[in-house]
Amino acid sequence: MSFIVDVFADAIRFLGEVGPELRDIVGLTLLVSGSATVIGAVIGVPLGVALGLERFTGRGVLLALVNTGMGIPPVLAGLALLLLLWDDGPLGGLDLVFTPVAMVAAQTVLAIPIAAGVTAAAVRNLSPAASEQIAALRLSYTGRWMLTGREVWPGIVGAVAAAFGRVIAEVGAVIIIGGNIQGETQVLTTAIVQESRQGRFGAAVGLGIVLLIIAIGVNAGLTWLQLRDVRHG
Amino acid sequence: MDDQKPTLGGPAYLSSFTEERRVVVFGPNGAGKTSLLRQMAGLSNVSRLLEAAYLPQDPYMFRGSVARNLHLGLSDHLYPLSDEIAGELGLGVPADQDARTLSGGEAQRLALARTLASDAPYVLLDEPLAPIDVKDRQHVAAVIAGRIGHRGAVIVTHEETTLATLADEMVVMIGGEIRQRGPVDSVFLTPHDDDVAAAVGIGNVIDGSVVEHDGSLVAVDAGPVQIWAVGDVEPDGRARVMFGAETVTVFKGELGESSARNHWEGTVRSVLPAGRLVEVVVDVGVDVAALLTPGSADALGLDTGSPVHIAVKATAARAVSRS
């Protein structure tokens, strides 16, 4: 038991000596996962509204893609992107392998299906009376999507939270496409992998606590928004 | 007859509604009335036929204020009109109130005002009066008719008292088919067949056989009574005669000279309230129902067992062939 206690004591000590190194890791984590969530939401939320609201050809294929994407292993997303961006790959000329930009791209691929899928579910949960009224209002596509989006916004908040939770917690994609280069492409999850592999459990647990605080903090904020809506109708 | 019964969904069927007048669609539950409106509004798998403002059956209030909901989908210049119509309909709530706190009747008034304020050339209303209090229905129906104006309109309703206010023309739908179409009065007074008669709640249906012809009139022998009615039934054929309870006149004492071809003597079997009217059933050998105002029922002093005469104009009764 004393081993665990020692590890946590080390973790507290590690967090007490917060240096620029930890600040860089946390900063890059928030930047990469935050950017991926924002881009993923900008693409995924309208896609989800359209999938939930409209009937169009190709909708079935898109829904299947979104559902598959929601469960795709991050390692595979990272690997696919790595092949695309590799020197001899089709996008090798961009010279993006092992850069934060490539990490954002990989996490965006993971964020889009989550944002779209959860949003589409929220739209489908609208009452039949609401869907009927939305269709009856003779709005343009954008007007209809804006109205629907505003109507289901707590669901969209949930979609964004789920997307952020997925990307900030994943390690497979960023470690492959980013390379886990200390000071350049290392984020919280990949740093935890490295520290634990080298037996520095105190540091690993310390980083884990930071990761947990970020995840809980973001979700607590979004949950508070949703609850406030319930209270105010 | 077949060309009067187009099935649901054909373009010819839908386009038969697109003239510029107000039509009410009447019929039992499940007759396909809402499906008809949704098709016309372009909400089914049929391409949109009409540029129409559509009021669905259940009003839904979106997040936000009364004003936001009232103005949804309208161009800016129509905002004052929608406010004005909302006022006429009696929606007396602050513009900044949360729309989700409105009662069913208030929400319906809001949705009606928004729909009627639209500048679409056609108006489609699904049960516009259902959530409105009975005492306000006549007023709301009058506002609806006035605000539709000269546009084409199709109004699904099962609310009989406001039919004549809402529309010029009436369509009876049963089982997805149009069974009868014509001016509201004539459909009520002379239904084509007994399904329509049941749907519009006509009072009297009497079976017999044709014994005499006189121009467009036939005399139907129903055992104890003989009834003159409008109809084209072959001689000796079996016929069903239908006439509305409101077309029956009730007399106390001797019947003087009258233009009515049908007059019979009998006794009152029952006197019962029927909405704002009184239904009197008279036994003349067969039972005949008459609808009277409470005033005239009182003036005649009608009671069970009272001896009375009743009269029905032959032109108010319709005879159809029964095979």
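Note that this is a predicted model, so its numbers are computed, not measured. (Residues numbered from 1 in each chain as written. Chains lettered and ligands numbered in written order. Predicted model: local features only at pLDDT ≥ 70, side-chain atom pairs only at ≥ 80, totals over all residues. Heavy atoms only, no water.)

Moving on to the packing of aromatic side chains. Residues and elements named next belong to chain A. Inspection of every chain in the model, using the stated rule, returns three aromatic pairs over all chains. Look at Phe3 and Phe201: their rings are 6.0 Å apart centre to centre, the planes differ by 90 degrees, and that puts the pair in the edge-to-face class. Taken together, the residues Phe3 in helix α1 (residues 2-16) and Phe201 in helix α11 (residues 201-232) connect sequence positions 198 residues apart. Its relative accessible area of 49% is what places Phe3 among the partly exposed residues. Aromatic side chains Tyr141 and Trp145 sit 6.1 Å apart centroid to centroid with 70 degrees between the ring planes, which places their arrangement in the edge-to-face category. Linking Tyr141 with Trp145, this pair stays in helix α7 (residues 141-151), spanning four residues, or about one helical turn. Classification of Tyr141 by relative accessible area gives exposed; the value is 54%. (Phe/Tyr/Trp six-rings, centres within 6.5 Å; stacked < 30°, edge-to-face > 60°. Helix = DSSP H or I, 4+ residues; strand = E, 2+ residues; numbered from the N terminus. Buried < 20%, exposed > 50% of the residue type's maximum accessible area, 1.4 Å probe, protein only.)

The subject of this paragraph is a nonpolar patch on the surface. All names here are of chain A. Taken together, the side chains of Met1, Phe3, Ile4, Val5, Phe8 and Phe201 present a nonpolar region at the surface, about 650 Å² in accessible area. In terms of residue count, the dominant contributor to the nonpolar patch is α1 (four residues). Position of Val5 relative to the elements: it lies in helix α1. (Patch = residues over 30% accessible without salt bridge, like charges linked within 9 Å, V, L, I, M, F, W, Y side chains within 5 Å. Areas by Shrake-Rupley, 256 points an atom, 1.4 Å probe, with all protein chains shown as cover. Salt bridge = Lys/Arg side-chain N within 4 Å of Asp/Glu carboxyl O.)

Residue and element names in this part refer to chain B. Among the six residues that make up strand β5 (residues 169-174), six are buried, leaving the element largely enclosed by the rest of the structure. Here β5 shows a buried face lined by Glu169, Val171 and Met173 and a second buried face lined by Met170, Val172 and Ile174. By the bridge criterion, six bridges tie β5 to strand β6 (residues 177-183) in an arrangement that is antiparallel. Looking across to β6, one finds that Val171 is bridged to Arg181. In this antiparallel pair of consecutive strands, β5 and β6, the connection spans two residues, and Gly175 shows a positive phi of 55 degrees. (Pairing = 2+ DSSP bridges.)

This part covers the interface of chain B and chain A. Of the residues lining the interface, 22 residues belong to chain B; the matching set on chain A comes to 20 residues. Carbon and sulfur atoms supply 50% of the area that chain B and chain A bury against each other, a total of about 1800 Å² over both sides. The interface formed by chain B and chain A includes three salt bridges. The salt bridge partner of B:Arg100 is A:Glu151, with a shortest N-O separation of 2.1 Å. (Contact = heavy atoms within 4.5 Å. Buried area = accessible area lost by both parts, 1.4 Å probe.)

What follows concerns the sheet that holds β5(B). Residues and elements named next belong to chain B. Ordered by their spatial adjacency, six strands build an open sheet running β2-β3-β4-β1-β5-β6, and the pairing between neighbours is mixed. Edge positions in the sheet fall to β2 (52-55) and β6, since each has one partner strand and no second. Adjacent strand axes in the sheet meet at a mean angle of 15 degrees, parallel and antiparallel pairs treated alike. Helix-sheet contacts for helix α6 (residues 137-148) involve β1 (22-26), β3 (122-126) and β4 (152-156), and the interaxial angle to β3 is about 160 degrees. (Axes fitted to C-alpha atoms, helices over the stretch in contact; angles between N-to-C directions.)

All of the buried residues in α7(A) are A:Arg144, A:Leu147, A:Thr148, A:Gly149 and A:Glu151. Contact partners of the buried residues in α7(A): α2 (20-53), α5 (100-124), α6 (128-136) and α8 (153-169) of chain A together with α3 (66-71) of chain B.

All names here are of chain B. Of note, His71 is situated in helix α3. The spatial distance from the C-alpha of His71 to the C-alpha of Asp83 is 8.5 Å, given a sequence separation of 12 residues. Setting aside chain neighbours within four positions, we find His71 in contact with Tyr79, Ser82 and Asp83.

Residues and elements named next belong to chain B. Partitioning chain B into domains gives domain 1 (11-201) and domain 2 (205-321). Using only C-alpha atoms to locate each centre, domain 1 and domain 2 end up separated by 35 Å. Taking both partners together, domain 1 and domain 2 bury about 730 Å²; carbon and sulfur atoms supply 57% of that area. The interface formed by domain 1 and domain 2 includes zero salt bridges. The interface formed by domain 1 and domain 2 contains zero residue pairs in polar contact (both at pLDDT 80 or more). Considered class by class, the residues forming the side of domain 1 that touches domain 2 number three nonpolar, three polar and two charged. (Domains from an automatic or database assignment. Polar contact = N/O pair within 3.5 Å; in protein donor to acceptor, adjacent residues only side chain to side chain. Nonpolar A, V, L, I, M, F, W, Y, C, P; charged D, E, K, R; others polar.)

All names here are of chain A. Interaxial distance between helix α3 (residues 59-70) and α5 falls to 8 Å at its minimum, and their mutual angle equals 120 degrees. As the angle between them shows, α3 and α5 are arranged oblique. Here α3 runs over α5; the crossing is left-handed. Of the residues in α5, those in contact with Leu63, Val66, Gly69 and Met70 of α3 are Pro113, Ile114, Ala116, Gly117, Val118 and Arg124. Of the residues assigned to the contact of α3 with α5, the class counts are seven nonpolar, two polar and one charged. (Parallel < 35°, antiparallel > 145°, perpendicular 65-115°, else oblique. Left-handed = near helix turned anticlockwise from the far one by under 90°.)

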